[in-house]
Amino acid sequence: MSKVSQGIMQGLQEMLDHAQGKIELRSDYVSTTPPKIYSPEEIRNIRINLNMSQGFFADVIGVSKKTVESWEYGRGKPSGAAARILTIAAIDPDALRRYGFAQW
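Predicted, not measured: the structure shown is a model, and the values here were computed from it.

**Some points on the overall build of the protein**
And step 1. Helix and strand counts for the protein come out as six helices and zero strands.
And step 2. In the protein, the succession of α and β elements from N to C terminus is α-α-α-α-α-α.
And step 3. Relative to the compact-globule value of 13 Å for 104 residues, the protein shows a C-alpha radius of gyration of 22 Å, a clear excess of over 25%.
And step 4. Expressed along its principal axes, the backbone C-alpha trace of the protein runs to roughly 60 × 30 × 25 Å.
And step 5. Counting over 104 residues, the protein shows a buried share of 25%.
And step 6. A sequence separation of at least 24 residues applies to 46% of the contacts in the protein between residues at least 6 apart.
And step 7. Split by element, the accessible area of the protein, about 7700 Å² in all, is 55% carbon and sulfur.
And step 8. Of the charged side chains in the protein, 13 are positive and 11 negative; the average position of the first set lies 6 Å away from that of the second.

Following this line, the structure appears as structure tokens:
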């Protein structure tokens, strides 16, 4: 039996033993914060604080200029992933440069 198969079998046996009350398994609980919902004004302020045009900002965060325009005019909302990038940009503006998203 391969090491992978042995590991799977061991895990299954531990699950069975736990279900039967024979062993107590360690549990870790984690939580996350949902992505922030940004207003059009907040998005515009983040971009302006970064001193970026809509087009450059769009390139940096990986969306189209029209997408940024729609966010700033309230016609669209950032996805969860885009909202996370906006949060990073708001909290640590230099992170976009530090992690190689853009050079300016």
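From this point on, the discussion continues.
**Here's the deal with unusual backbone geometry**
Where the residue is not glycine, phi is negative for most of them; where a peptide bond is considered, it is trans in most cases.
And step 1. Even without a glycine there, the phi angle at N51 is positive, about 60°.
And step 2. Counting through the fold element by element, N51 comes out in the loop between α2 (40-49) and α3 (54-61).
And step 3. Given a relative accessible area of 70%, N51 falls into the exposed group.

**Some words on the pattern of salt bridges**
And step 1. Under the defined criterion, the tally for this structure stands at seven salt bridges.
And step 2. As a salt-bridge pair, D94 and R98 come within 3.7 Å of each other at their nearest N and O atoms.
And step 3. On the accessibility criterion, D94 (34% relative accessible area) is partly exposed.
And step 4. Because the salt bridges share partners, they merge into one network encompassing D92, D94, R97 and R98.

Cut-offs used in this document
Residues numbered from 1 in each chain as written. Predicted model: local features only at pLDDT ≥ 70, side-chain atom pairs only at ≥ 80, totals over all residues. Heavy atoms only, no water. Helix = DSSP H or I, 4+ residues; strand = E, 2+ residues; numbered from the N terminus. Rg over C-alpha atoms; globule rule 2.2 N^0.38 Å. Buried < 20%, exposed > 50% of the residue type's maximum accessible area, 1.4 Å probe, protein only. Contact = heavy atoms within 4.5 Å. Areas by Shrake-Rupley, 256 points an atom, 1.4 Å probe, with all protein chains shown as cover. Lys, Arg positive; Asp, Glu negative; His and termini not counted. Charge placed at Lys NZ, Arg CZ, Asp CG, Glu CD. Salt bridge = Lys/Arg side-chain N within 4 Å of Asp/Glu carboxyl O.

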